[in-house]
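Chain residues, written in single-letter form:
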Amino acid sequence: MKAFAFNNGGNMKNKKFSILMGAISLSLTILTTVGNILAFTIFDPVLTSFFGMEGISNESFEENQYFKRKFKTSEEASNYADELSRRVEGEGTVLLKNDNVLPLASQNKVSMFSISTVDFYVGNMYGSGAIAGDKMLTLGQAMENAGFQVNKTLENFYNSKKSQYKRKVGGLAQGTSKDPFKWGINEVPYSEYTNDVKNSYSQYNDAAIVVITRAGCENGDLPRDMSIATDGKNTNSILTLDPNEKEMLREVRKNFNKVIVLLNTATSFECGFLDEEEYKADACLWVGMSGLGIQSIADIIAGKINPSGRLVDTFAYDSFSSPAMQNMGNYAYVDGSNKETGHHYLSYSEGIYVGYKYYETRYEDKMLNQGQAGNFDYDSIVQFPFGFGLSYTDFTWSNYSCEIVSNNVNISVNVKNTGNKTGKEVVQVYYQSPYTDYDIENQIEKASVNLIDIAKTKLLAPGEDQIVKLTFTLDDMKSYDAQKEKTYILESSNDYFITASKNAHEATKNILQKKGLSVDGNTSLVSQHKIDGFDVSKDEVSNHQITNLFDEARGTDIKYLSRHNWSQMDNNGLICGDEFGKDSDGIIYKSTISNELKTKLETIGYEASGAPQEEFVVPTTGASGNKKLIEFKGKDFNDPEWEELLNQVKEQEMIQMAKSSGHHTYAMPSVGKPYTTDTDGPSAWKSFIGDGTSSGGLPGEIVHAATFNKELCYEVGEIMGELCLWAKI
């Protein structure tokens, strides 16, 4: 006490100090207590993963597995996943342009441009989708493995700038409206390139490889206006070149005769620059998110792999040409006083006309002079159609046939490699059902072409051919009639068209050529059929009656796009709302909410479910018995033994399961249910802590789709299940 008794003022200060420290101590105690509760309930599996502890369980995981492992060791499974990642990336990469530049000769000396060459977008950057680890190669390492000599001066320059110019991604807690700078592209300005870097070009000038990267994240729309995120330097959307990227490409074009662009993005991108003299690229590859398959990108550039991927998006010169873009963004409900209510809405006015189903359908209507298609110039709007992809070799198709046997539609076409390199080809089958007066009257919308099946050939050597066979059913061509029949229908008509083609636009042109128009289509790959119509009254799986269930959810004041009148979307005519302000994404639109809807949105608890009030019956818990959950594998849902099993579950087990299941479920010893880890991720199974490569690091799912290889995608599903078993997920 004497040590603190300097004077009265000092005592007062000491009292204040003691009170302050006491408050801090109490706060820390509360935080520690809460933290411990969270750590050992909700986040127990995260800590278990990180520290290597056993989970809270006394049940054997192995004894309770529904599925058995196929590999002998986790290392064997992991190695197989790595090899599969390379195959997926090799078959999913899309060659968009090639002016006789690719493949490059082995031992070429290359300079690689962009901060992304040392910070490649291999997959999701945050949370459960993140991929990292010692197995991950850099793009430079992959290129060297493929036999290229890489400009180390340039690579070291980018590495020195890596912490300063780091790519940022909005979404999650970093939502755009909270921090618009989270969407920063952050390419290194060319003004920072040193003379040593610039002088190094001449030593590695066989080709320049430029990486353009865009990243996305859940819970955040890609910005339609980058002006806030770039301090006004870029007023375009994030799907266009940034000013720093333009400057970089401009300088690259001046210094190199061969320029190759890699689109390292999961999204489509506005690629008009590829043909602009100032930034022109001689070749372009869309590589998506490579995961652990990054080596395949370098192998494609070297010609060790022949690219066979196909686009799963339409690449338009202007992303805003899509009708879906008219209602993308922040649409806020306001009350009668014009104040924001905190509720938001989104109107899907585009209906079925998303992606190629818009561009191809409006193109056909323009060519047929119908539907008020207006001055729609497809070639100036669409750069690369859905399903597009080039190869290092050539293929010729012949002997197309289409037979309808009962409910099955059987397609056959011969594919021959007529080039000089081994490769794979993709056969895409599209159908067209007639758009009739009945459809117009009952607001049934139909696209001009619809992808219905795909097949990929085996690896074909030069001169080798393969008969490709595909099958689908008539049921697959039905449409939903929400107005009159309120079920799925297939109309009787002589005007059903089926075609095999290399992409959606070729399919449309094939059918138009068959209809008598001169549009550079191939009529030998089209068949026309008479089909007797039918209605589908019951679902063939559940045997439930098919009818409308959500008529009340249909917006009464929403303008839905119809091919009967394309002029609806002119001058942003599909926008549902009035301008209300602007945020970092673009314009905010508003609509006045009704009292009835506001009440529904703000109702909570059981009442919000709309379920009828029922008398609560207390379930039996803790009953004696020796039934085990694993014994019920495959048992019918209505089997009365389920009730006996559930009666054994103890009350505390039920409470723990209901309140603490986050990324895991607790063990239930009463029925032999083991503790389980339930993590997620699009490319790797992991939680917030840990190394994603330990349980996978596959390319992004969009790359899987771009392979157009159903068998390969099935392999992906199998190995993800296998990795789950080894990681006890």
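If you're wondering where the values come from, they're calculated on a predicted model, not measured in any experiment.

Engineer: I keep staring at the overall build of the protein chain and nothing clicks. Help me out?
Structural biologist: When helices and strands are counted, the protein chain shows 17 helices and 24 strands. Residue burial in the protein chain is summarised as follows: out of 729 residues, 48% are buried. In the protein chain, the proportion of contacts linking residues at least 24 apart, taken out of those at least 6 apart, comes to 74%. Carbon and sulfur atoms make up 50% of the accessible area of the protein chain, which totals about 36000 Å².

Engineer: Sorry, what's going on with the sheet that holds strand β1 (residues 94-98) here?
Structural biologist: Within a sheet, neighbouring strands are paired by backbone hydrogen bonds and run either parallel or antiparallel to one another. Within the open sheet, the six strands sit side by side as β1-β6-β5-β4-β2-β3. Their pairing is mixed. The open sheet is flanked by β1 and β3 (149-150), the only strands paired with a single partner. Sheet topology note: the strand β2 (residues 109-113)/strand β4 (residues 207-214) ladder contains four bridges and is parallel. Note on β4: the bridge partner recorded for Val 110 is Ala 207.

Engineer: Got a minute to help me understand the pairing of strand β11 (residues 395-405) in this structure?
Structural biologist: Taken residue by residue, a regular strand's side chains alternate between the two faces of the sheet. Strand direction decides the pairing type here: β11 and strand β12 (residues 408-417), joined by nine bridges, are antiparallel. Bridging across to β12, Trp 397 finds its partner in Val 415. Between the end of β11 and the start of β12, which pair antiparallel, lie two residues, with Ser 406 showing a positive phi angle near 55 degrees.

Engineer: Can you walk me through the packing of helix α3 (residues 74-92) against helix α8 (residues 294-301) in this structure?
Structural biologist: Two quantities define a packed helix pair, namely the angle between the helix axes and the distance between the axes. Two elements in contact, α3 and α8, have axes whose closest approach is 7 Å; the angle formed by their N-to-C orientations is 45 degrees. It follows that α3 is oblique to α8 by the angle criterion. In this structure, the crossing between α3 and α8 has a hand that is right-handed. Across the interface between the two elements, Arg 86, Arg 87, Glu 89 and Gly 90 from α3 touch Gln 295, Ser 296, Ile 297 and Ile 300 from α8. A breakdown of the residues in the contact of α3 with α8 according to their chemical character gives two nonpolar, three polar and three charged.

Engineer: It is not clear to me how the pattern of salt bridges should be interpreted in this structure. Could you clarify?
Structural biologist: Oppositely charged side chains can form a pair if their charged atoms are brought close together. Applying the stated criterion across every chain, the model contains 33 salt bridges. Put simply, Glu 715 and Arg 87 hold a salt bridge, and the shortest N to O gap is 2.7 Å. Here the residue Glu 715 occupies a position in helix α17 (residues 710-726), and Arg 87 occupies one in helix α3, the gap between them amounting to 628 residues. Glu 715 gets classed as partly exposed once you look at its relative accessible area, which sits at 21%. Owing to a relative accessible area of 27%, Arg 87 belongs among the partly exposed residues under this scheme. Taken together, the salt bridges that share partners define one network made up of Lys 627, Lys 635, Asp 639, Glu 641 and Glu 644.

Engineer: Help me understand the packing of aromatic side chains, please; the structure alone is not making it clear to me.
Structural biologist: Under the defined criterion, the tally for this structure stands at 25 aromatic pairs. Seen from their ring centres, Tyr 358 and Trp 566 are 5.5 Å apart, and the 70 degrees between their planes marks the pair as edge-to-face. In this pair, Tyr 358 is assigned in helix α9 (residues 356-367) and Trp 566 in the loop between β20 (534-536) and β21 (578-583), connecting sequence segments 208 residues apart. Residue Trp 566 is classed as buried on the basis of its relative accessible area, which comes to 0%. The interplanar angle of 80 degrees and the centroid separation of 6.1 Å between the aromatic rings of Tyr 666 and Tyr 675 together place this pair among those described as edge-to-face. Assigned by exposure class, Tyr 666 and Tyr 675 land together as buried. Among the aromatic residues, those joined into a cluster by ring pairs are Tyr 353, Tyr 358, Tyr 359, Phe 376 and Trp 566.

Engineer: How should I be thinking about the packing of α3 against α17 in this particular structure?
Structural biologist: Close contact between α3 and α17 brings their axes to 10 Å; oriented N to C, the two are set at 155 degrees. As far as their axial angle goes, α17 and α3 are roughly antiparallel. In this structure, the crossing between α3 and α17 has a hand that is left-handed. When α3 is examined against α17, the residues Ser 74, Ala 77, Ser 78, Tyr 80, Ala 81, Leu 84, Arg 87, Val 88 and Glu 91 are found in contact with a partner set consisting of Leu 712, Glu 715, Val 716, Ile 719, Glu 722, Leu 723 and Trp 726. Across the contact of α3 with α17, the residue classes tally to 10 nonpolar, two polar and four charged.

Engineer: Help me understand unusual backbone geometry, please; the structure alone is not making it clear to me.
Structural biologist: Negative phi characterises most residues that are not glycine, and trans characterises most peptide bonds. Cis geometry marks the peptide bond from Leu 102 to Pro 103, where omega comes out at 0 degrees. With respect to the helices, strands and loops of the structure, Pro 103 is situated in the loop between β1 and β2. The backbone of Ser 406 sits at a positive phi, close to 55 degrees, despite the residue not being glycine. Within the element layout of this structure, Ser 406 appears in the loop between β11 and β12. Backbone geometry at Asn 571 places phi at a positive 55 degrees, although glycine is not the residue there.

Criteria and cut-off values
Residues numbered from 1 in each chain as written. Predicted model: local features only at pLDDT ≥ 70, side-chain atom pairs only at ≥ 80, totals over all residues. Heavy atoms only, no water. Helix = DSSP H or I, 4+ residues; strand = E, 2+ residues; numbered from the N terminus. Buried < 20%, exposed > 50% of the residue type's maximum accessible area, 1.4 Å probe, protein only. Contact = heavy atoms within 4.5 Å. Areas by Shrake-Rupley, 256 points an atom, 1.4 Å probe, with all protein chains shown as cover. Pairing = 2+ DSSP bridges. Axes fitted to C-alpha atoms, helices over the stretch in contact; angles between N-to-C directions. Parallel < 35°, antiparallel > 145°, perpendicular 65-115°, else oblique. Left-handed = near helix turned anticlockwise from the far one by under 90°. Nonpolar A, V, L, I, M, F, W, Y, C, P; charged D, E, K, R; others polar. Salt bridge = Lys/Arg side-chain N within 4 Å of Asp/Glu carboxyl O. Phe/Tyr/Trp six-rings, centres within 6.5 Å; stacked < 30°, edge-to-face > 60°.

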